[in-house]
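Each chain, letter by letter, is given below.
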Amino acid sequence: MKGFGFNRSEILRQYGILFVLIAMFIIFSVATPNFLKVENLFNVARQVSMMGIAAVGMMFVMIAGGIDISIGSLLSFVNVFCAFLIVNFNVHPLWASLAAVAVASVGGFLNGVIVTQMKVPPLISTLAFMTIWEGIAFLISRGMTIFGLPDTFRTLGSGYVGPIPIPVIIMVVFLAFGGFFLNKTYIGRYFYAVGGNEEAAGLSGIHVRKLKWLVYTLCAAFTAVAGLVMLARLNAGAATTGKGFEFQVITAVVLGGVSIAGGTGRMFGVIIGILIMGFLSNGMVLLDVSEYVQRIIQGVVLVLAVGFDCLSKDIGMDKKGVLKSE
Amino acid sequence: MTQKKRMLCLIVSVVLIASMTLMAGCNSSGGSSAAPAGSSAAATEEPAGSSAAADAVARDYDIGVAFYDLNDPFWAETANCMKEYGEENGCTVTIVSAEINAAKQVQQVEDFISKDVDILVIGAVDPATLEEATKKAMDAGIIVYGYCFALPYETAEIIVDDADMGAKVAEMAADFIDKNLGGKAQIGMFNLPLYPSIVIREEAIREKMAELSPESEFVMTAESATIETGMTAAENFLQAYPDMKVITSIGDGGAYGAMQGFENAGKAGDDVAIYGTGGNIENLQAIKDGKVVRGTVALGYAMQRAQAVLDTCFAAIEGGEYEKMATFTNTSVTIDNIDQYCADAGITLE
């Protein structure tokens, strides 16, 4: 293999998580005949589209060394707020959607400001926002479901362009934008620099504070878009919609190789992480696996996937932590 | 601390205080008018008999409501109505949600005892864990009311007959299968295996279906109580069993989500039926509109339930007569009787 300029450990390090996805894909394909149908693959893609959109924002935050656990509650807020404007005040869906994204972005920006200016750890700041968004969502909805959205709005969640569901197209656009932004723009490269070593990044002239404001704002804005897609899919706004959403997204992002410590992570890995989450959930339902067993398997796969990824990285290092290929 | 940081802290503090004040204002004055239209039209509707509240003697009771989970519209709707009806009667009503956490609920009940409330309405997460707290409340002279679940120590209770509720879901589903699908169907089931009373409901659905529609088969099961999980589960069910026509759900939230799943898949035809329990407004609206949510087992309108509970508590505290043990009336609601049901319950649908 070395003759081609790479070795097995390097392949494992780079693509370990992909092998996990392929293995899972093969197992489910053999175990259930419906898994591999095009219709089911699009079904899974549509189901993970909200997670995919939000994962891009979360990836930005985590690469820059932060974390945002408020996105689940924010998604609920956007869901309820937009539905409330449309149903109760007859606001045009477009303006309601823009208003929801704008309010969410302001919240994200405030998160960034609190983290940078008041030096509050991101976990605490976003935990506070988690409860704030949740509280506002319940205050608006009073715990009730808001229904009666116009049929035109549903197109966003259940429409198709050719055979491809619209939410999937939106997700692909966001993933492509994320990949491009991180790899081809200097601001994207700064995210890695800030996450890798904040002090060094600051000394090299990067405006760390403004960059952090940007990542939290983008994360909130992307989550808001995910919330709008979710609202269109459900055709009803409920304050519980985003419950646990943050953990799904963080799991997918970590599964995809983005370091909790910041500074590393590729869009390719995150896409694999999202697909693992989606196919795992779908495959087990198709196999009619009990809910209890599903939870166990999800936990085990998470540990195995991340463990395999860590081990494969370790294999590629010598005792001093230097890449063997180097 | 630099001047800039001081200024920032000041601004953040002002913003937080202002937003808290604003929220408090919304909660106390704008809450009812800000209710969602889809549900508020009915939620603010005054059912027959509630006019008595306006004529009632003003009562200055402090009422604590400790509910199972306000994330669920069934509980949220009842809580909203209790607040409305209690305040109409001159009472102060404080509502808290345990979010299905028994330990949190014990703490909330203890807090209410410390607050020295006059009436305590509890929708228990786990009645057994409330033994000490409810005894303490009763010893303190508080009227303790068990809502949906009997409590170890209580003044009165109203409970759900889960077995009957499940059986009624099965009766509606079996009737649909018999009339529209030739007596045979692949059925999907939404359950909540972590909650014993809901398990009773699920088992009753399965047992009654086996009895009334023996050729039908439950082919898939998923945990679902919310619209989001119901939609996802229904979409996955349809991948595994594209000919699935019937879903029975232990709650209306999942049933409503399943409807979205079938509609998103373009399979919400006349031969599809989804049944739930609870009588949520959105599900009643879907039934009336002839959508694939074709039935629900309703427990009466939330305002009626709230009035029944608080009137009992008022009677108990004022030395009047009251029913100590009551059971909700389970009503099967389909397109055939929805108008009558809504008229009786004082619900206005669009």
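For the structure, see preceding data.
What counts as what
- In every chain, residue numbers begin from 1 and rise along the written sequence.
- Numbering of ligands from 1 and lettering of chains from A proceed in the order in which they are written.
- The model is predicted, so local features are restricted to residues of pLDDT at least 70 and side-chain atom pairs to those at 80 or more, both for listing and for counting; the totals for chains, interfaces and linings are taken over all residues.
- For side-chain calculations, the full set of non-hydrogen atoms in the structure is used, while hydrogens and water are omitted.
- Buried Ala, Val, Leu, Ile, Met, Phe, Trp, Tyr and Cys residues form a nonpolar core when they are joined through side-chain atoms within 4.5 Å.
- Relative accessibility under 20% of the residue-type maximum defines a buried residue, over 50% an exposed one, and the middle range a partly exposed one, all with a 1.4 Å probe and only protein chains included.
- A run of H or I in DSSP counts as a helix once it spans at least four residues, and a run of E counts as a strand once it spans at least two, with each numbered from the N terminus.
- What fixes the domain bounds is an automatic or database domain assignment.
- Should DSSP find at least two bridges between two strands, the strands are taken to pair.
- The axes used here are C-alpha line fits, helices contributing only the stretch in contact, and every angle between their N-to-C directions lies in the interval 0 to 180 degrees.
- Each salt bridge in this description consists of a side-chain nitrogen of Lys or Arg and a carboxyl oxygen of Asp or Glu lying within 4 Å of one another.
- Contact between two residues is taken to exist if any of their heavy atoms lie within 4.5 Å; hydrogens are not considered.
- As a working definition, buried area equals the accessible area (1.4 Å probe) given up by two parts on being put together, with both sides summed.
- Under the pairing criterion, centres of Phe, Tyr and Trp rings, with the six-membered ring standing for Trp, must be within 6.5 Å; the plane angle then separates stacked pairs below 30 degrees from edge-to-face pairs above 60, leaving the rest tilted.
- Charge over a ring is defined by NZ of Lys or CZ of Arg lying within 6 Å of the ring centre and within 35 degrees of the ring normal.

1. Details of the nonpolar core
Here is step 1: By size, the foremost hydrophobic cluster in this structure holds 185 residues, and its most contacted members are V121 and Y147 of chain B.
Here is step 2: Ranked by residues supplied to this core, first place goes to helix α2 (residues 38-63) of chain A with 15 residues.
Here is step 3: Taken together, domain 1 (38-159 + 300-329) and domain 2 (162-298) of chain B each give at least three residues to this core, which thus spans both.
Here is step 4: Of all hydrophobic cores here, the second largest spans 30 residues; its members include V78, A83, I136 and L149 of chain A.

2. Quick notes on the sheet that holds strand β1 (residues 62-67) of chain B
Two orientations exist for strands paired in a sheet by backbone hydrogen bonds: parallel and antiparallel.
Residue and element names in this part refer to chain B.
Here is step 1: Taken together, the 6 strands give an open sheet; going across it, the order is β2-β1-β3-β4-β5-β11, and neighbouring strands pair in parallel fashion. Across the chains shown, the open sheet's two edge strands, defined by having one partner strand only, are β2 (92-97) and β11 (325-327). Taking the axes of each pair of neighbouring strands and ignoring which way they run, one obtains an average angle of 15° across the sheet.
Here is step 2: With 6 bridges joining them, β1 and β2 adopt parallel strand pairing. In the strand pairing of β2, F67 is matched with S97.

3. Focus on the side chain of N43 of chain A
Here is step 1: Along the polypeptide, N43 of chain A turns up in helix α2.
Here is step 2: Judged by relative accessible area, which is 1%, N43 of chain A ranks as buried.

4. A short note on the pattern of salt bridges
Side-chain pairs of opposite charge can arise whenever the charged atoms involved come near each other.
Here is step 1: On inspection of all chains with the given rule, the structure shows 16 salt bridges over all chains.
Here is step 2: We note a salt bridge from D139 of chain B to K135 of chain B, for which the minimum N-O separation is 3.2 Å. With D139 of chain B and K135 of chain B both in helix α6 (residues 131-139) and 4 residues apart, the pair spans about one turn of that helix.
Here is step 3: Owing to a relative accessible area of 60%, D139 of chain B belongs among the exposed residues under this scheme.
Here is step 4: The class for K135 of chain B is partly exposed, based on a relative accessible area of 37%.
Here is step 5: Where R201 of chain B meets D162 of chain B, a salt bridge forms, and the shortest distance between an N and an O atom there is 2.8 Å. You can see R201 of chain B sitting in helix α8 (residues 196-212) and its partner D162 of chain B sitting in helix α7 (residues 162-180), a full 39 residues away along the chain.
Here is step 6: Overall, the relative accessible area of 10% leaves R201 of chain B in the buried class.
Here is step 7: The buried category is assigned to D162 of chain B, whose relative accessible area is 9%.
Here is step 8: Within this structure, R46 and R233 of chain A together with E235 of chain B form a network of salt bridges that share partners.

5. Structural notes on the interface of chain A and chain B
Here is step 1: Opposite the 41 residues of chain A that make contact, chain B presents 43 residues.
Here is step 2: For the pair chain A and chain B, the summed buried area comes to about 4,200 Å², and 57% of that belongs to carbon and sulfur atoms.
Here is step 3: On inspection of chain A and its partner chain B, the count reaches 3 salt bridges.
Here is step 4: With its nearest N and O atoms 3.0 Å apart, the salt bridge here joins E235 of chain B to R233 of chain A.

6. Observations concerning the packing of aromatic side chains
Here is step 1: Inspection of every chain in the model, using the stated rule, returns 27 aromatic pairs over all chains.
Here is step 2: Aromatic side chains F177 of chain A and F222 of chain A sit 6.1 Å apart centroid to centroid with 75° between the ring planes, which places their arrangement in the edge-to-face category. Linking F177 of chain A in helix α7 (residues 166-184) with F222 of chain A in helix α10 (residues 208-234), this pair joins segments that are 45 residues apart in sequence.
Here is step 3: Overall, the relative accessible area of 7% leaves F222 of chain A in the buried class.
Here is step 4: Both rings, one in F190 of chain B and one in F237 of chain B, keep their centres 5.6 Å apart while their planes meet at 50°; by these two values the pair is tilted. Residue F190 of chain B is found in strand β6 (residues 186-191), and its partner F237 of chain B is found in helix α9 (residues 227-240); the two are separated by 47 residues along the sequence.
Here is step 5: Judged by relative accessible area, F190 of chain B falls into the buried class, the value being 0%.
Here is step 6: Members of the aromatic cluster, each reached through a chain of ring pairs, are F67, Y68, F74, W75, Y147, F149 and F328 of chain B.
Here is step 7: Between the NZ or CZ atom of R206 of chain B and the centre of the ring of F218 of chain B, over which it lies, the distance is 5.0 Å.

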